[in-house]
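Results of the structural survey
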Amino acid sequence: MAVLGIGGLFFRSTDPDALSAWYRTHLGIGAGCAAADTGPVDEWTWKTQAGPVVFAPFKADTDYFAADKQFMINLRVADLAEMIDTLMAAGIAVETRDEWNSPEVGQFARLHDPDGNAIELWEPPAA
């Protein structure tokens with residue numbers, strides 16, 4: 001078996017077009033988006049830079065994210081401080097906690113999309 005990476009993330013929304021637009025506008029992700037140095041965009045995919053992906057089920061009673069949600073999206077970012085400033089300037093609440101951060105793992109922040117889905121932003125430590 002040769003799984004090469006995540007091929008997509010699919011979830012429900014009462015207004016998928018509006019939610020897709022929110023992700024494109026505020027996070028630069030979704031169909032038609034591309035991270036720096038990943039080539040030309042196309043209408044169906046979001047091109048990402050290669051790097052680590054954590055795939056980790058959590059206990060059903062975890063308090064790491066909201067109890068009424070089955071998942072939390074974790075997005076790897078290059079400049080967490082700049083992204084936080086941009087999101088807050090757009091009126092989006094962002095939470096940070098010192099205990100989430102470590103020199104070995106990196107820096108973290110959390111926000112929620114308009115449907116209430118948790119998004120964790122992760123800036124890995126410098127190589």
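Higher on the page you've got the structure.
Criteria and thresholds
Residues numbered from 1 in each chain as written. Predicted model: local features only at pLDDT ≥ 70, side-chain atom pairs only at ≥ 80, totals over all residues. Heavy atoms only, no water. Helix = DSSP H or I, 4+ residues; strand = E, 2+ residues; numbered from the N terminus. Rg over C-alpha atoms; globule rule 2.2 N^0.38 Å. Buried < 20%, exposed > 50% of the residue type's maximum accessible area, 1.4 Å probe, protein only. Contact = heavy atoms within 4.5 Å. Lys, Arg positive; Asp, Glu negative; His and termini not counted. Charge placed at Lys NZ, Arg CZ, Asp CG, Glu CD. Pairing = 2+ DSSP bridges. Axes fitted to C-alpha atoms, helices over the stretch in contact; angles between N-to-C directions. Salt bridge = Lys/Arg side-chain N within 4 Å of Asp/Glu carboxyl O. Polar contact = N/O pair within 3.5 Å; in protein donor to acceptor, adjacent residues only side chain to side chain. Arc of directions from axis to C-beta.

**Considering the overall build of the chain**
Along its length, the chain carries 2 helices and 5 strands. Traced from its N-terminal end to its C-terminal end, the chain shows the element sequence α-β-β-β-α-β-β. Here the C-alpha atoms of the chain give a radius of gyration of 15 Å, agreeing with the 14 Å that 2.2 N^0.38 yields for 127 residues. Overall, the C-alpha framework of the chain stretches about 40 × 40 × 40 Å when taken along its three principal axes. Of all 127 residues assigned to the chain, the portion counted as buried reaches 24%. Within the chain, residue pairs in contact and separated by at least 24 positions form 46% of the contacts whose partners lie at least 6 positions apart. Computing the positive centroid from 8 side-chain charges and the negative centroid from 19, the chain places the two 7 Å apart.

**Comments concerning the pairing of strand S5 (residues 118-123)**
Across the 6 residues that make up S5, a large majority, 5, are buried. The sheet contact formed by strand S3 (residues 72-76) and S5 spans 5 bridges and is parallel. Bridge pairing in S5 links Met-72 to Ala-118. Where strand S4 (residues 107-112) and S5 come together, 6 bridges link them in antiparallel fashion. In the strand pairing of S5, Leu-111 is matched with Ile-119. In this antiparallel pair of consecutive strands, S4 and S5, the connection spans 5 residues, and Gly-116 shows a positive phi of 90 degrees.

**Topic: the sheet that holds S3**
The strand order S3-S5-S4 describes an open sheet built from 3 strands, whose pairing is mixed. The open sheet is flanked by S3 and S4, the only strands paired with a single partner. With strand direction ignored, the average angle separating the axes of adjacent strands in the sheet is 25 degrees. Relative to the sheet, helix H1 (residues 16-27) contacts S3, S4 and S5, its axis offset from that of S5 by approximately 25 degrees. Running over the sheet, helix H2 (residues 80-89) touches S4 and S5 and is turned about 20 degrees from S4.

**Some details on the pattern of salt bridges**
Counted by the stated rule, this structure contains 2 salt bridges. We note a salt bridge from Arg-97 to Glu-95, for which the minimum N-O separation is 2.7 Å. On the basis of relative accessibility, which here comes to 37%, the residue Arg-97 falls in the partly exposed class. The salt bridge involving Glu-120 is made with Arg-110; its shortest N-O contact spans 3.2 Å. Taken together, the positions of Glu-120 in strand S5 and Arg-110 in strand S4 put the pair 10 residues apart, joining distant regions of the chain. By the burial criterion, Glu-120 is buried, and Arg-110 matches it.

**As for the side chain of Arg-110**
Residue classification places Arg-110 among the buried positions, given a relative accessible area of 11%. Polar contacts involving the side chain of Arg-110 include one to the main-chain carbonyl oxygen of Tyr-64, which spans 2.9 Å.

**Considerations on H2**
Burial in H2 covers these residues: Leu-80, Ile-84 and Leu-87. Looking straight down H2, one finds that the buried residues subtend no more than 70 degrees of arc, so they occupy a single side. In H2, the exposed positions angled more than 90 degrees off the buried face are occupied by Asp-85 and Ala-89. Where the residues of H2 are buried, they touch H1, S4 and S5. Remark: Gly-91 follows H2 within two positions and exhibits a positive phi of approximately 85 degrees.

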